[in-house]
Amino acid sequence: MTEFWVGTSWKMTKTLGPAREFARGLRARRDWPVRPFVIPPATALATVAAELGPDSPVRLGAQNAHWEDAGAWTGEVSVPQVADAGATMLEIGHSERREHFAETDERVNLKVHAALRHGLLPLICVGESAEVRRAGGAAEFVADQVRMALAGVPDAVPALIAYEPIWAIGAAGRPAQPEAVAEIAATVAAAAGARATVLYGGSVDLGNAVDLALVPGIGGLFVGRAAWQVSDYLSIVDRVGERLG
Ligand SMILES: O=C(CO)COP(=O)(O)O
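What comes next concerns the included structure.

Rules used throughout
- Residues numbered from 1 in each chain as written.
- Predicted model: local features only at pLDDT ≥ 70, side-chain atom pairs only at ≥ 80, totals over all residues.
- Heavy atoms only, no water.
- Helix = DSSP H or I, 4+ residues; strand = E, 2+ residues; numbered from the N terminus.
- Rg over C-alpha atoms; globule rule 2.2 N^0.38 Å.
- Buried < 20%, exposed > 50% of the residue type's maximum accessible area, 1.4 Å probe, protein only.
- Contact = heavy atoms within 4.5 Å.
- Areas by Shrake-Rupley, 256 points an atom, 1.4 Å probe, with all protein chains shown as cover.
- Lys, Arg positive; Asp, Glu negative; His and termini not counted.
- Charge placed at Lys NZ, Arg CZ, Asp CG, Glu CD.
- Near = heavy atom within 4 Å.
- Polar contact = N/O pair within 3.5 Å; in protein donor to acceptor, adjacent residues only side chain to side chain.
- Nonpolar A, V, L, I, M, F, W, Y, C, P; charged D, E, K, R; others polar.
- Pairing = 2+ DSSP bridges.
- Axes fitted to C-alpha atoms, helices over the stretch in contact; angles between N-to-C directions.
- Core = buried A, V, L, I, M, F, W, Y, C linked by side-chain atoms within 4.5 Å.
- Expected span 1.5 Å × (residues − 1).
- Phe/Tyr/Trp six-rings, centres within 6.5 Å; stacked < 30°, edge-to-face > 60°.
- Lys NZ or Arg CZ within 6 Å of the ring centre and 35° of its normal.
- Left-handed = near helix turned anticlockwise from the far one by under 90°.

### So, the overall build of the chain
Right, so step 1: Secondary structure summary: the chain contains 10 helices and eight strands in total.
Right, so step 2: Compactness check: the chain gives a C-alpha radius of gyration of 17 Å against a globular reference of 18 Å for 245 residues, within 12% of the reference.
Right, so step 3: Put simply, the chain has 245 residues, and 53% of those count as buried.
Right, so step 4: Counted over contacts in the chain with a minimum sequence separation of 6, partners at least 24 positions apart contribute 73%.
Right, so step 5: For the chain, the accessible surface area stands at approximately 10900 Å², while carbon and sulfur atoms represent 53% of it.
Right, so step 6: Distance between charge centroids for the chain: 3 Å, based on 22 positive and 28 negative side chains.

### Focus on the site of the ligand
Right, so step 1: The environment of the ligand is formed by K11, H94, E164, A168, I169, G170, G202, S203, F222, G224 and R225.
Right, so step 2: Taking E164, its side chain carries an N or O atom lying 3.2 Å from an oxygen atom of the ligand.
Right, so step 3: Within the backbone of G170, a nitrogen or oxygen atom sits 2.8 Å from an oxygen atom of the ligand.
Right, so step 4: Considering the ligand on its own, with 300 Å² of exposed area, one finds that the protein chains cover 99% of that surface.
Right, so step 5: Looking at side-chain class alone, the shell around the ligand contains three nonpolar, five polar and three charged residues.

### A closer look at the side chain of S78
Right, so step 1: Position of S78 among the secondary structure elements: in the loop between strand 3 (59-62) and helix 3 (79-84).
Right, so step 2: In contact with S78, other than residues within four places in its own chain, are A65, H66, E68 and D69.

### Regarding the sheet that holds strand 8 (residues 220-223)
Consider a sheet: its strands pair through backbone hydrogen bonds, and that pairing is either parallel or antiparallel.
Right, so step 1: Taking strand neighbours around the barrel as the criterion, the eight strands line up as 1-2-3-4-5-6-7-8 in a closed arrangement whose pairing is parallel. Within the sheet, the average angular offset between the axes of one strand and its neighbour, ignoring direction, is 25°.
Right, so step 2: With four bridges joining them, strand 1 (residues 5-9) and strand 8 adopt parallel strand pairing. Bridge pairing in strand 8 links W5 to G220.
Right, so step 3: Across the sheet, helix 2 (residues 45-52) lies against strand 2 (35-39) and strand 3, angled at about 175° from strand 3, the strand it touches most.
Right, so step 4: Each of strand 1, strand 2 and strand 8 touches helix 10 (residues 230-244); the most contacted strand, strand 1, lies at about 165° to it.

### Describing the nonpolar core
Right, so step 1: In this structure, L26, Y200 and L221 are the most contacted members of the largest nonpolar core, which totals 70 residues.
Right, so step 2: In this structure, W5, L123, C125 and L160 belong to the second largest nonpolar core, which totals 11 residues.

### Structural notes on helix 1 (residues 16-27)
Right, so step 1: Compared with the 16 Å implied by 1.5 Å per residue over 12 residues, the 16 Å span of helix 1 between its first and last C-alpha is a close match.
Right, so step 2: As for helix 1, its buried residues are in contact with strand 1, strand 2, helix 2 and helix 10.

### A closer look at the packing of aromatic side chains
Right, so step 1: In this structure the tally under the stated criterion is seven aromatic pairs.
Right, so step 2: An aromatic cluster of three or more residues is present, and its members are W10, F22, W32 and Y233.
Right, so step 3: Here K14 stacks its cationic end above the ring of W10, 5.3 Å away from the centre of that ring.
Right, so step 4: Taking NZ or CZ as reference, R29 lies 5.4 Å from the ring centre of W32, over its face.

### Topic: the pairing of strand 6 (residues 159-163)
Within a regular strand, the side chains alternate between the two sheet faces.
Right, so step 1: For strand 6, a buried count of five out of five residues is recorded, marking the element as mostly surrounded by other parts of the structure.
Right, so step 2: Burial of the side chains of strand 6 extends over both faces: A159, I161 and Y163 are buried on one face and L160 and A162 on the other.
Right, so step 3: Alignment of strand 5 (residues 121-126) against strand 6, held across four bridges, turns out to be parallel. Bridge assignment links V126 to a residue of strand 6, and that residue is Y163.
Right, so step 4: Bridge count for strand 6 against strand 7 (residues 196-201) is five bridges, and the pairing is parallel. Across the sheet, residue Y163 finds its bridge partner in strand 7, namely Y200.

### So, the packing of helix 7 (residues 138-149) against helix 8 (residues 178-192)
Axis angle and axis distance: for two packed helices, these are the angle between their axes and the distance between the axes, and together they describe the pair.
Right, so step 1: At a minimum axis separation of 9 Å, helix 7 and helix 8 run at an interaxial angle of 35°. Remark: the crossing between helix 7 and helix 8 carries right-handed chirality. Residues A138, A139, V142, A143, V146 and R147 of helix 7 touch helix 8, and the partners they reach there are E183, I184, T187, V188, A191 and A192.
Right, so step 2: Of the residues belonging to the contact of helix 7 with helix 8, the class tally is nine nonpolar, one polar and two charged.

Quick look at the structure:
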């Protein structure tokens, strides 16, 4: 297995039946040429964990958790709760959450600390809007997001940083060019130091995965729509694994 990460977030898709089916497809897989991870909705975490079994090489993540451990926060889930359901990593600060759910840089930082308090690996999402990129401020914007997310976190603590430019995400998005990704990967490394592994996300698919995986400074791919079928996810894993292995 290379150290290269390839994972998918299901966002708000899949009820338990399809979640179980996806997890069975993962469990059936014996050899992994990359480090796999899957990030189901909170409702499916325990089911996917049970299907994967206790020693699965597939790392399980939660899409979100509150920064407090417990309390009167109706509708929220805590880090201890998602950890109890089987998550060992926590996605924080996805642009959809920043845009729609008031996930500010301050809250991202609180959630990073909450994840680390409970031994979960933070997967911190950063990325600029189209306006910021057009104005020439992408690198500086992302560096600021990274610095704010990691404020107060000791240098030696590992973290994954997913660079997901907002304009690249989703059905209306277009994948970033490798040169732009390389520039930001270097920027993130400078802002976060050696503890950070930089992933790229935003319209990754089978056709562009290898080009994006080969970008200098990129240590993983974070895939949405193109990996929501387990066979498609495994095709991306294989194609990237063949080229990196
Ligand atoms: O947001 C993403 C992963 O978190 C990327 O989504 P898409 O691959 O569907 O553009």
